[in-house]
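Here's the letter readout for the chains.
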Number of protein chains: 2
Amino acid sequence: MIPLSYGLLGLLARQPLSGYDLAQYMKKRVAPMWSALPSQIYPELAKLEAQGMVTHHVVEQHDYRPDKKVYEITKAGREALRHWVTEPTPVTTLRDEFVLKAYSLWLADPHEALTRFREHEQAHSQQLADYEALLARLRREWGSALDQMNSPLFGSSIAIHYGIGYERHYVHWCRQVIEQLEQQLHGEQAAREEEPSSRPSSEQSS
Amino acid sequence: MIPLSYGLLGLLARQPLSGYDLAQYMKKRVAPMWSALPSQIYPELAKLEAQGMVTHHVVEQHDYRPDKKVYEITKAGREALRHWVTEPTPVTTLRDEFVLKAYSLWLADPHEALTRFREHEQAHSQQLADYEALLARLRREWGSALDQMNSPLFGSSIAIHYGIGYERHYVHWCRQVIEQLEQQLHGEQAAREEEPSSRPSSEQSS
DNA sequence: AAGTCCATGTAACCAGTTACATGATTGC
DNA sequence: GCAATCATGTAACTGGTTACATGGACTT
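From a predicted model like this one, the values you see are computed outputs, not experimental measurements.

Undergrad: What exactly am I supposed to notice about helix 2 (residues 19-27) of chain B here?
TA: Residues three or four positions apart in an α-helix share a direction because the helix packs 3.6 residues into each turn. Residues and elements named next belong to chain B. Looking at helix 2, one finds that the buried residues are G19, L22, A23 and M26. Mapping the buried residues of helix 2 onto a view down its axis gives an arc of 100 degrees, with all of them on the same face. Where helix 2 is buried, its residues contact helix 1 (3-12), strand 1 (17-18), helix 3 (38-50) and strand 3 (68-73).

Below, the structure written as structure tokens:
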């Protein structure tokens, strides 16, 4: 039982879904806290079934589409999930290649660095907007039911809140760095304009 | 060349270090953005050397301690690092088991949930304090040199700033959830005190 | 006596990614 | 004609973790 197993159980605890559906959920958005590809999900579902955590029944579709296996969580699965949720969890160590690059940013050309940080600022702003839109939609549709702890919506709500906080921080950080890089460049430019030829310090020329 | 390779080069670009030293750096703190164990680092250094990114020379220690290999970055290594830094980087997907658990928190006992969130709030507050102390130390020792982009300190500074922002967000999120859980419990308690026997709604008894 | 620090590794395992396979149908 | 959607998988690879090995000296 790896985290992904519980991720799948966490979705199936809300509604029955096919492997394909689960793959859609795990691919992007919705849950801002994990991701997986079909090639991992299908075998994992088989394992969950072997362990009695889920069952499936085949649903024939009378149009062109292929049959699908719709999975449901079992009592054992729900219990395992409930147990896992309140078990102690070690703190995750960060693994973000972009942040790792930041550590060596002093070696980079400031212009290129700016481009990269603007790209990431953009991407995370977009993700932030998506999360905020999703939360707004949930609020509109369900109102204060989001705060009732016994409802699945509570789980969605706090997960999205995490995503929002994370993306805000990320965007803020990118902007901070961008500002510093721009100042650096303006400083250089000002120096060049004052004295076109190479001279390191800020002495006044004759 | 995996991210770890560049993490190691990023450290060696600042000063020569032994495998053991590198393992210490990668184990905890300092760089809040990656981690690795000796069992991965030593073979990785051998690969880096085979590729001409680093060289080593053995340093005999005249006390009891075993000899060590001190690694230095080569011109090729520095170039590879510089190139990698400004290459586009895909946005990292989050993988935090604790956040994944949050998604299914509606299944949990509120008391246990509170305990877990208080633990994490505590752990991340500590990490935050550590980063802040580290930044304060650098500021004290180096002053505004931290903002000079061409100095390694700039890389350290922005990496630590990332860590601070991340931990702040994490602590904030934990507190938010804790507050909601506490309200939930107080609501329950108030209901119990009003009418000790089980009754679902807020009707007045005769 | 037991555990930690210094210092360098090897071997086995496993979660997650990449690549590939199948096949009907709908939309551009 | 070509790509995408629906639907389910297998096979190979790889980055990272866990476990194990060595060995002297210093600390509790």
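Undergrad: Please clarify how the pairing of strand 3 of chain B should be interpreted in this entry.
TA: Along any regular strand the residues' side chains alternate between the sheet's two faces. Residue and element names in this part refer to chain B. Direction of pairing for strand 1 relative to strand 3: antiparallel, over a ladder of two bridges. Pairing of S18 across the sheet is with V70, part of strand 3. One ladder, built from six bridges, connects strand 2 (residues 54-59) with strand 3; its direction is antiparallel. In the sheet register, V58 faces strand 3, and the bridge partner there is K69.

Undergrad: I'm lost on the protein's contact with DNA strand C in this one. Help?
TA: In the vicinity of DNA strand C there are 18 residues, among which A:Q40, A:Y64, B:Y20, B:Q61 and B:K69 approach most closely. Backbone sugar and phosphate groups make up 71% of those atoms of DNA strand C lying within 4 Å of the protein. Within the contact set of DNA strand C, a phosphate oxygen lies 2.6 Å away from a side-chain nitrogen or oxygen of B:Y20. Contact between DNA strand C and B:R95: a phosphate oxygen at 3.2 Å from a side-chain N or O atom of the residue. Secondary structure elements with two or more residues in the surface near DNA strand C: helix 3 (38-50) of chain A together with helix 2, helix 3 and strand 3 of chain B. When the residues that make up the surface near DNA strand C are grouped by side-chain class, the tally is eight nonpolar, five polar and five charged.

Undergrad: I tried to follow the nonpolar core on my own but got confused; where do I start?
TA: Here is a general trend for soluble globular proteins: nonpolar side chains tend to be buried in one another's company. Core analysis: the largest hydrophobic core is formed by 102 residues, its most contacted members being A:L105, A:W173, B:L105 and B:W173. The residues contacting A:L105, other than those within four sequence positions of it, are A:A113, A:F117, A:V177, B:V85, B:M149, B:F154 and B:I158.

Undergrad: How should the pattern of salt bridges be read in this particular structure?
TA: Pairing is possible between side chains that carry opposite charge, provided their charged atoms lie close to one another. All names here are of chain B. Scanning the model with the defined rule gives 16 salt bridges over all chains in all. With a closest N to O distance of 2.8 Å, E182 and R118 form a salt bridge. Taken together, the residues E182 in helix 7 (residues 152-194) and R118 in helix 6 (residues 110-142) connect sequence positions 64 residues apart. The exposure class of R118 is partly exposed, given its relative accessible area of 42%.

Undergrad: Would you explain the protein's contact with DNA strand D in this entry?
TA: Near DNA strand D, the surroundings consist of 18 residues, among which A:Y20, A:Q61, A:K69, B:S39 and B:Y64 are the closest. The contact atoms of DNA strand D, taken as those within 4 Å of the protein, divide so that sugar and phosphate hold 71%. A distance of 3.2 Å is found between a phosphate oxygen of DNA strand D and a side-chain nitrogen or oxygen belonging to A:Y42. B:S39 places a polar side-chain atom, nitrogen or oxygen, 2.8 Å from a base oxygen of DNA strand D. Contributions of two or more residues to the surface near DNA strand D are made by helix 2 (19-27), helix 3 and strand 3 (68-73) of chain A together with helix 3 of chain B. Its residues assigned to classes, the surface near DNA strand D shows eight nonpolar, five polar and five charged.

Procedures and definitions
Residues numbered from 1 in each chain as written. Chains lettered and ligands numbered in written order. Predicted model: local features only at pLDDT ≥ 70, side-chain atom pairs only at ≥ 80, totals over all residues. Heavy atoms only, no water. Buried < 20%, exposed > 50% of the residue type's maximum accessible area, 1.4 Å probe, protein only. Helix = DSSP H or I, 4+ residues; strand = E, 2+ residues; numbered from the N terminus. Arc of directions from axis to C-beta. Contact = heavy atoms within 4.5 Å. Pairing = 2+ DSSP bridges. Near = heavy atom within 4 Å. Polar contact = N/O pair within 3.5 Å; in protein donor to acceptor, adjacent residues only side chain to side chain. Nonpolar A, V, L, I, M, F, W, Y, C, P; charged D, E, K, R; others polar. Core = buried A, V, L, I, M, F, W, Y, C linked by side-chain atoms within 4.5 Å. Salt bridge = Lys/Arg side-chain N within 4 Å of Asp/Glu carboxyl O.

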